Amino acid sequence: MMDKVLLAGFGGQGVMFIGKIFAVSGMIADLNVCWIPSYGPEMRGGTANCSVILSDEEIHSPVIDQADGGIVLNQPSYEKFLGRIKPGGVLVINSSIVNLNKIRDDIKIIKVPATEIANELGNSSIANMVCLGALLPHLNLTDYEKVKKAIYEVVGEKKPELLELNLNAIKKGMEH
Amino acid sequence: MSNRVLMKGNEIIGEAAIRAGCKLFFGYPITPSTEIIEYLAKNLPKAGGTVLQAEDEIGAINMCYGAACTGTRVMTASSSPGISLKQEGISYCAAAELPVVLVNVNRTGPGLGGLGPTQSDYFQSTKGGGHGDYRLIVLAPSKAQELYDFTLEAFDLAEKYRNPVLILTDGFLGQMMEPVELKEKPTSPEVDKSWVVDGARGREKRIIASYSLTNEIGEANNLRWEAKFNGIKEKEQRWEEFYADDAEYLLVSYGTTGRISKSVVLNARKKGIKLGLIRPITLWPFPEKAFIPYKNKIKGIVTVELNTGQMIEDVKLAMDCCVPIYLYRRQGGMLPTETEILEFLEKQFKLSTEEV
């Protein structure tokens, strides 16, 4: 079984970070994991993306052509990755800042006003975690408990004060 | 599995070098290899080593030359244009028979090129690269664990043969994070170090130099190196076979496309196409031996490469051109999908699913 996930947004929105959280949650579950960043000459304000594969068997091709799930945090990412979700897959969209000018009816689209929810929670920079929460129930190989452990592992020591905030953002996202 | 950690490919190379006993690293940063020097700058001093950012790549490779003369384990890493700058020094290291470990995180070319995955430096890596008639041992990892294992082994191979060893990878493998088991390094085999220059007090002087203007001595040197390279060819060819046993068609591919090709093989098998893979692990010596059993057995080959067709020449030689051999390639930093490779194979060999 495999989860192939694409994540995209503005540089600075925490796309690589949520990818890392997914990857570490897979490590905790003793799965095979592959995290690939886009590593072109991106700069702040440009788009960044990464792909994550979780698998209970060996991962041969690390290239995701059609993903099982995705998160797009901004307009250019939405336009670029809408066509990269396989039929029957799931795409989580930050509807606070994405205008859904195109639509597909062969995939499940989850609209989350993530920036607004993040602001309500008191930190505009955790829209990424809200979207992570929205995608989480649709993945096969990871879940809230594993992601929680991953967050403790990745941010625990550096910024313990952000742990609860991140977990609340994920829970909010899971309601969508 | 307590030693299983999630690391970036480039950092894995750095960690493996430390565990292999590398004590000196000389380099000059260049994307997409920079994490290697960054990681080592942070961690090699803790292991009693030194990292020096040289004034440029030429300085770095010549520092490696000097360090290797003392018998110290030494490494440098760069990406394509930087490796081009090092070529003169690499040729001198080969001539002086110095065990230097080189890493090329291949970026696209020619010229400045781009940062995406590519295999455009296959010729440069395997056919000499610098001037003169020498060879590097070239290892081509395709996943995190191999980045670790091959880096560990590169130091042993370099010392065993007194020859520079090149690890050829790309930005995709370098930037990717995958689990890696940081295995304990096996004990290195005992090697003759009676050639090192580490202070001559109490013993005969030793000279390490690339200097012989007498033709007779020049030929003797060339013959000695040739014998060494022939020995490496005989003993060190490495490859992996994947569903090759009963295959009617073979893919041949290494590194990043080597692992993509494994998925292609599995997809083809699901469709009833008997496809297998030979994945060269040593690019030099090229694993000619791998092809011998398949010469009169298979119907055709597709090499999958990220260049205009470089390794395909070695595959044709290894197969004596006895079956049709085609190239499927992407370039400029683009990777092929599993689907497009299989479609190409089906088209070349007229394997539409109806016929199978």
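Everything here concerns the structure above.
Each chain has its residues counted from 1, following the order in which its sequence is written. The lettering of chains begins at A and the numbering of ligands begins at 1, in the order of writing. With pLDDT at 70 or above as the cut-off, local features in this predicted model cover only qualifying residues; side-chain atom pairs require 80 or more to be listed or tallied, and sums for whole chains, interfaces and linings still use all residues.

1. What to know about the overall build of chain B
Moving on, step 1. Secondary structure elements are defined from DSSP: runs of H or I of at least 4 residues count as helices, runs of E of at least 2 residues count as strands, and each element is numbered from the N terminus. Broken down by element type, chain B carries 11 helices and 14 strands.
Moving on, step 2. Seen along its three principal axes, the alpha-carbon backbone of chain B occupies a region of about 80 × 50 × 40 Å.
Moving on, step 3. Across chain B, the fraction of contacts at a sequence separation of at least 24, relative to all contacts at a separation of at least 6, is 79%. What counts as a contact here is a pair of residues whose C-beta atoms, placed from the backbone, lie within 7 Å.

2. Quick word on the interface of chain B and chain A
Moving on, step 1. Chain B puts 18 residues into the contact, and the matching count from chain A is 17 residues.
Moving on, step 2. At the level of secondary structure, the elements contributing two or more residues to the side of chain B that touches chain A comprise α7 (171–175), β8 (177–181), α9 (255–270) and α11 (338–348) of chain B.
Moving on, step 3. Take the side of chain B that touches chain A: its biggest share by element is four residues, from α9(B).

3. What about the sheet that holds strand β10 (residues 249–252) of chain B?
Residue and element names in this part refer to chain B.
Moving on, step 1. Pairing between two strands is assigned when DSSP locates at least 2 bridges connecting them. Sheet architecture is open: five strands sit in the order β9-β11-β10-β13-β14, paired in mixed fashion. In the strand order of this sheet, the two ends are held by β9 (239–242) and β14 (325–329), each with one partner. Here the strands of the sheet are splayed against their neighbours by 20° on average, with no regard to which way each runs.
Moving on, step 2. Across five bridges, strand β13 (residues 300–305) lies against β14 in parallel orientation. To get an axis, fit a line to the C-alpha atoms, keeping to the stretch in contact for a helix; angles then go from 0 to 180 degrees between the N-to-C directions.

4. Side note on the environment of B:Ala68
Residues and elements named next belong to chain B.
Moving on, step 1. Within the secondary structure, Ala 68 is located in helix α3 (residues 57–69).
Moving on, step 2. Sequence separation between Ala 68 and Glu 38 is 30 residues, and the spatial gap between their C-alpha atoms is 22 Å.
Moving on, step 3. Among all residues touching Ala 68, those that are not within four sequence positions of it are Val 74, Cys 93, Leu 98, Pro 99 and Val 100.

5. Points about the packing of helix α1 (residues 15–28) of chain A against helix α5 (residues 144–155) of chain A
All names here are of chain A.
Moving on, step 1. Direction vectors running N to C along α1 and α5 enclose 110°, while the axes themselves pass 8 Å from each other. Our classification of the angle between α1 and α5 gives roughly perpendicular. Residues Lys 20, Ile 21, Val 24, Ser 25 and Ile 28 of α1 lie in contact with α5, whose contacting residues are Lys 146, Val 147, Lys 149, Ala 150, Ile 151, Glu 153 and Val 154.
Moving on, step 2. Polarity classes work like this: nonpolar for Ala, Val, Leu, Ile, Met, Phe, Trp, Tyr, Cys and Pro, charged for Asp, Glu, Lys and Arg, and polar for all others, with Gly in that last group. Considering only residue class, the contact of α1 with α5 consists of seven nonpolar, one polar and four charged. In this scheme, roughly parallel covers angles under 35 degrees and roughly antiparallel covers those over 145, while 65 to 115 is roughly perpendicular and the rest are oblique.

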